[in-house]
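# Examining the three-dimensional arrangement
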Amino acid sequence: MGSTRYDIDARYGRASKAGYGTKSAGEIFTQNAKRMAHKTMIPHGIAFRESRDSDVHPNSVPIILGLDVTGSMGHIPHELIREGLPKLMGGIIQGGVPDPALLFLGIGDHECDSYPLQVGQFESGDEELDMWLTRTYIESGGGGNAGESYLLAWYFAAFHTRTDAFEKRNQKGLLFTVGDEPCLKVLPASAIREIMGSGQQTYTHYELLEEAKKRYEVYHINVLHSDQALRANRDWKELLGQNCISIEDHREIPNVIKKIICEKYKDKTFRTTDIEGLDNVEML
C-alpha cells in the first residue's frame, strides 16, 4: 500500500464529478443505506495492515486516523470528504513531509454497536484514500455508557500494524482519534474475539495506550460541541496530557493534524527516544 501519490488537482476534478461538495452524507457514504460495514473494512481475521516504503515514497510516515462514527460525530467523515481530506494531505505534503501513508479507522462502541471497529488500508494516493473514507459505515450508534471505543484504535495499532518507519528507521508513527466522549476503560477478551476473530486477554485502556505508544505517538482530538465533550476533556487530559487537543470547531481537525505532523517530521527524524511531544497546540 502507499505506492501512489496524492494529486490535489486530480482530486478536486474527481471530487467535482462525484459531487462531494453537493451530495448528502447518505448519497456519498452508501454503506449507510445498507446498514452494514463494507466487507473490506471488517477487521475479523485481519493479521496486519502495513505501511511500507516504495520507490514513490522511500520514507513512509504512517498515520492512523480513528474517526468516531457514532451519532454525535457522524458528520465528521462527511466534512472530510467534502473539504478536509485534501486540506490535510495537501498541507502535510506542502509542509515538508512528502511520504504520508494514512489509515482510516471507524470507531464505535464495542458494548453497543454492530461494527465498533472498521479498518481501511495505509494509503498515499488521493483516489485510494477517498475510496476507504467513503466505504466507512457511519453507524450512528453508541450508547448511554459514558464512553466510546477509542481504545480499539490503540489495540489495532499496537497488535495489527507493521511499518517500515519503525522496523527500518526506529521511527514512531502518529495515531489520532477524534471524538467527543471519554474512552471506555475495558476491552474484554470476548469483545476482541468477536471483532477480530481471536483474542485471549482482557485489556484496560491504560494498558492499550501504553502498547500503542511503543510504536506510535498517540493523540486525541476532543471536539467541544456538547456538554459531554466538555466533561470528557478532564479524562483525556489525565490520559494524554498535552497530546489531548481540544477544539471547538470540527473544521479545524485537518489543520491540527497537519500542524502536529509537520512539526514532528519537517527537517528532522522523529525517533522513539523523542517522546516529549509538542508544545501545547490546544485551540480554545
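Residues numbered from 1 in each chain as written. Predicted model: local features only at pLDDT ≥ 70, side-chain atom pairs only at ≥ 80, totals over all residues. Heavy atoms only, no water.

The next thing to look at is the sheet that holds strand β9 (residues 216–223). Pairing in this open sheet of six strands is mixed, and the strands run β4-β3-β2-β6-β9-β10 from one edge to the other. Unpaired on one side and paired on the other, β4 (117–119) and β10 (244–247) mark the two borders of the sheet. Adjacent strand axes in the sheet meet at a mean angle of 20 degrees, parallel and antiparallel pairs treated alike. Contacting β2 (61–68), β3 (100–107) and β4, helix α5 (residues 126–135) crosses the sheet at an angle of about 5 degrees to β3. (Pairing = 2+ DSSP bridges. Helix = DSSP H or I, 4+ residues; strand = E, 2+ residues; numbered from the N terminus. Axes fitted to C-alpha atoms, helices over the stretch in contact; angles between N-to-C directions. Contact = heavy atoms within 4.5 Å.)

The next thing to look at is the confidence of the model for the chain. Low pLDDT marks regions whose predicted coordinates should not be analysed in detail. Of all residues in the chain, 93% have pLDDT values of 70 or greater, and the mean over the chain is 91. Counting contacts from residues 270–284, a segment whose pLDDT is below 50, to residues more than four positions away or on other chains yields 42 contacts. (pLDDT = per-residue confidence, 0-100.)

Counting residues in each nonpolar core, the largest one holds 41 residues, and the members touching the most others are Leu65, Leu85, Leu102, Phe104, Phe176 and Ile261. When residues of this core are traced back to their parent elements, those giving at least two are β2, α4 (75–94), β3, α5, β6 (173–179), β9, β10 and α11 (253–265). Judged by nonpolar contacts, the second largest core, of 36 residues, contains Ile46, Leu151, Leu184 and Cys244. (Core = buried A, V, L, I, M, F, W, Y, C linked by side-chain atoms within 4.5 Å. Buried < 20%, exposed > 50% of the residue type's maximum accessible area, 1.4 Å probe, protein only.)

Another aspect to go through is the pattern of salt bridges. Two side chains with opposite charge may pair up if their charged atoms get near one another. By the definition in use, this model includes 15 salt bridges. The partner of Asp130 in a salt bridge is Arg11, with the nearest N and O atoms 3.0 Å apart. Of this pair, Asp130 sits in helix α5 while Arg11 sits in helix α1 (residues 8–18); the two residues are 119 residues apart in sequence, bridging distant segments of the chain. This pair shows no difference in class: Asp130 is buried, exactly as Arg11 is. Linking Arg52 and Asp164 is a salt bridge whose minimum nitrogen-to-oxygen distance equals 2.8 Å. (Salt bridge = Lys/Arg side-chain N within 4 Å of Asp/Glu carboxyl O.)

On to α11, then. Between its first and last C-alpha atoms α11 spans 19 Å; for 13 residues at 1.5 Å apiece the expected length is 18 Å, and the two agree. Within the span of α11, buried status applies to Ile253, Pro254, Val256, Ile257, Ile260, Ile261, Cys262, Lys264 and Tyr265. Among the structural elements, β2, α4, β6, β9 and β10 are those in contact with the buried residues of α11. (Expected span 1.5 Å × (residues − 1).)

Along the chain, Asn145 falls in the loop between α5 and α6 (151–160). Among residues more than four places away in sequence, those in contact with Asn145 are Asp109, Glu111, Cys112 and Leu184.

Here the focus is unusual backbone geometry. At Arg35, a residue that is not glycine, the phi angle is positive and equals roughly 55 degrees. For Arg35, a relative accessible area of 64% puts it in the exposed group. Here Ala146, not a glycine, exhibits a phi torsion of approximately 60 degrees, which is positive. Inspection of the secondary structure puts Ala146 in the loop between α5 and α6.

Residues Cys244 and Ser246 of β10 are buried on one face, and the alternating residues Ile245 and Ile247, pointing to the opposite face, are buried as well. Relative to β10, β9 runs parallel, the two being bridged by four bridges. Its bridge partner lying in β10, Ile221 is registered against Ile245. Each parallel crossover has a hand, and the one from β9 via helix α10 (residues 227–240) to β10 is right-handed. (Right-handed = clockwise from strand over helix to strand, strands pointing away.)

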